[in-house]
Amino acid sequence: MKAAVYKGIRDVRVEEVPDPEPGPRDVVVQVSACGICGSDLHTYLHGSFVQPGQIMGHEFAGEVVAAGDGVDTLEVGDRVTALPLVPCMDCPRCAEGRYNLCASAWTQGLAYGRPGAFAERIRIPGAVRGENVFALPDQVDDEAGATVEPLAVAVHAVRLAGEVRDRTALVLGLGTIGQQVVQVLRASGAGHVVGVDVAPLRIDAARTLGADAVDGSAGLGAALEAALGAGEEVDVIFECSGVPALGAGAVDAVRGGGTIVVLALYDDPVTFDPTVLVQKELRMLGSIAYTSEDFAEAIRLLEEGAAKAEPLITQREALDDIGEAFETQLRKDRSLKVLVTP
């Protein structure tokens, strides 16, 4: 079969590789669509997270085409997406049920150790419906299924933030994750959702999804002055940009007693005065990935129409054009989510 293999910085090539075969508890999925994630871009640009020879791609959906004899919750023909983490089940974090914090979940995960979904087919180990493999309802097509993973990231982050109903929430950075956070906030009853970015395409998309999105090119202070009402304070901030100035600015922008949730990955350090955390009694949280419950909730939001995939998908590229797909995804003025369609 064909698969896109990471060779080095800005070098991903389509090669012929052996077809995956299911073990007794595994399934093989024919990939219909796989999205390019922000973490994929960190690999593409900087060589982060994976080694050369890795088949990348972890935001995917497709059809089960083979199942091991020990799989009794899934059948050939099922349309599915999958949670790419593969936890060890032995470490203290796994014992706590916090599988997203298991180190092996990443080093042995799909696209991060095991072959990923920028390929015609992918093997999912230890496949269990509702735990690491999720059937897609009729209302969620395969392209929307490929957006479940980043939507689950947003579900997890908003859950960590605590009560957001009727609160003013600020989303910094309106790439795919920021857009998904906007959708989950709206579905969770947030009172005023403000989004900040510099790309008109992304600002317009966030407005379509219900955010009061503004241009941040003149600085965060000017953006908030344009978006907030008189006396309005920001209760919770979701930092999705990875821009150090915005990461630092969040500490000043949130109200006293407020919450900052950081989802972004950074290429450069963020510098801020931690005394402000003390003086304002802030909560600052990191948010990584998701749980099985977050995946299930993301599918429910798509099924019920509370979250949408169509406004986020801006380009579709064939697997043979994987290099062009990555270069397109880098263009913030042109793209939100690029789907690769094997």
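These notes cover the structure that comes with them. Bear in mind the structure is a predicted one, so any value in this text is a computation, not a measurement.

1. Considering helix 8 (residues 220–227)
Phase 1 of the analysis: Turning to helix 8, its buried residues are L220, A223, L224 and A227. The arc enclosing the buried residues of helix 8, seen along the axis, measures out at 95°, which places them on a common side. Away from its buried face, by an angle of more than 90 degrees, helix 8 presents the exposed residues G221, E225 and A226.
Phase 2 of the analysis: Contact partners of the buried residues in helix 8: strand 10 (168–172), strand 11 (192–197), strand 12 (212–215) and helix 9 (244–253).

2. Re the pairing of strand 10
Remember that side chains alternate between the two faces of the sheet whenever the strand is regular.
Phase 1 of the analysis: In terms of burial, strand 10 is largely enclosed, as five of its five residues are buried.
Phase 2 of the analysis: In terms of strand pairing, strand 10 meets strand 11 through five bridges, oriented parallel. The partner of L172 across the bridge, within strand 11, is V196.
Phase 3 of the analysis: As for the winding sense of the linkage, the β-α-β connection from strand 10 through helix 6 (residues 176–187) to strand 11 is right-handed.
Phase 4 of the analysis: Alignment of strand 10 against strand 13 (residues 234–239), held across four bridges, turns out to be parallel. Opposite L172, over in strand 13, you have E239 as the bridge partner.

3. Some thoughts on the sheet that holds strand 15 (residues 283–286)
Phase 1 of the analysis: Strand order in the open sheet formed by six strands is 12-11-10-13-14-15, and the pairing between neighbours is parallel. Strands with a single pairing partner mark the edges of an open sheet, and in this sheet they are strand 12 and strand 15. For this sheet the average axis-to-axis angle between neighbouring strands, irrespective of direction, equals 20°.
Phase 2 of the analysis: Against the sheet, helix 9 makes contact with strand 10, strand 13, strand 14 (254–262) and strand 15, and its axis sits at roughly 150° relative to strand 14, the strand it touches most.

4. With respect to the packing of aromatic side chains
Phase 1 of the analysis: Counted by the stated rule, this structure contains five aromatic pairs.
Phase 2 of the analysis: An aromatic cluster of at least three residues, connected via ring pairs, comprises Y44, F118 and F326.

5. Some details on the pattern of salt bridges
Phase 1 of the analysis: Scanning all chains against the criterion turns up 17 salt bridges.
Phase 2 of the analysis: A salt bridge links K2 to D320; the nearest nitrogen and oxygen atoms lie 3.1 Å apart. With K2 in strand 1 (residues 2–8) and D320 in the loop between strand 16 (313–318) and helix 12 (322–329), this pair connects stretches of sequence that are 318 residues apart.
Phase 3 of the analysis: Residue D320 is classed as partly exposed on the basis of its relative accessible area, which comes to 49%.
Phase 4 of the analysis: E96 is paired through a salt bridge with R93; the nearest N and O atoms lie 2.8 Å apart.
Phase 5 of the analysis: The class of E96 is partly exposed, set by a relative accessible area of 46%.
Phase 6 of the analysis: Among the residues examined, R93 registers a relative accessible area of 30% and is labelled partly exposed.
Phase 7 of the analysis: Counted as one network, the salt bridges with shared partners bring together E297, R300 and E304.

Thresholds, definitions, all that
Residues numbered from 1 in each chain as written. Predicted model: local features only at pLDDT ≥ 70, side-chain atom pairs only at ≥ 80, totals over all residues. Heavy atoms only, no water. Buried < 20%, exposed > 50% of the residue type's maximum accessible area, 1.4 Å probe, protein only. Helix = DSSP H or I, 4+ residues; strand = E, 2+ residues; numbered from the N terminus. Arc of directions from axis to C-beta. Contact = heavy atoms within 4.5 Å. Pairing = 2+ DSSP bridges. Right-handed = clockwise from strand over helix to strand, strands pointing away. Axes fitted to C-alpha atoms, helices over the stretch in contact; angles between N-to-C directions. Phe/Tyr/Trp six-rings, centres within 6.5 Å; stacked < 30°, edge-to-face > 60°. Salt bridge = Lys/Arg side-chain N within 4 Å of Asp/Glu carboxyl O.

Note that all results are geometric; they support no functional claim without further evidence.
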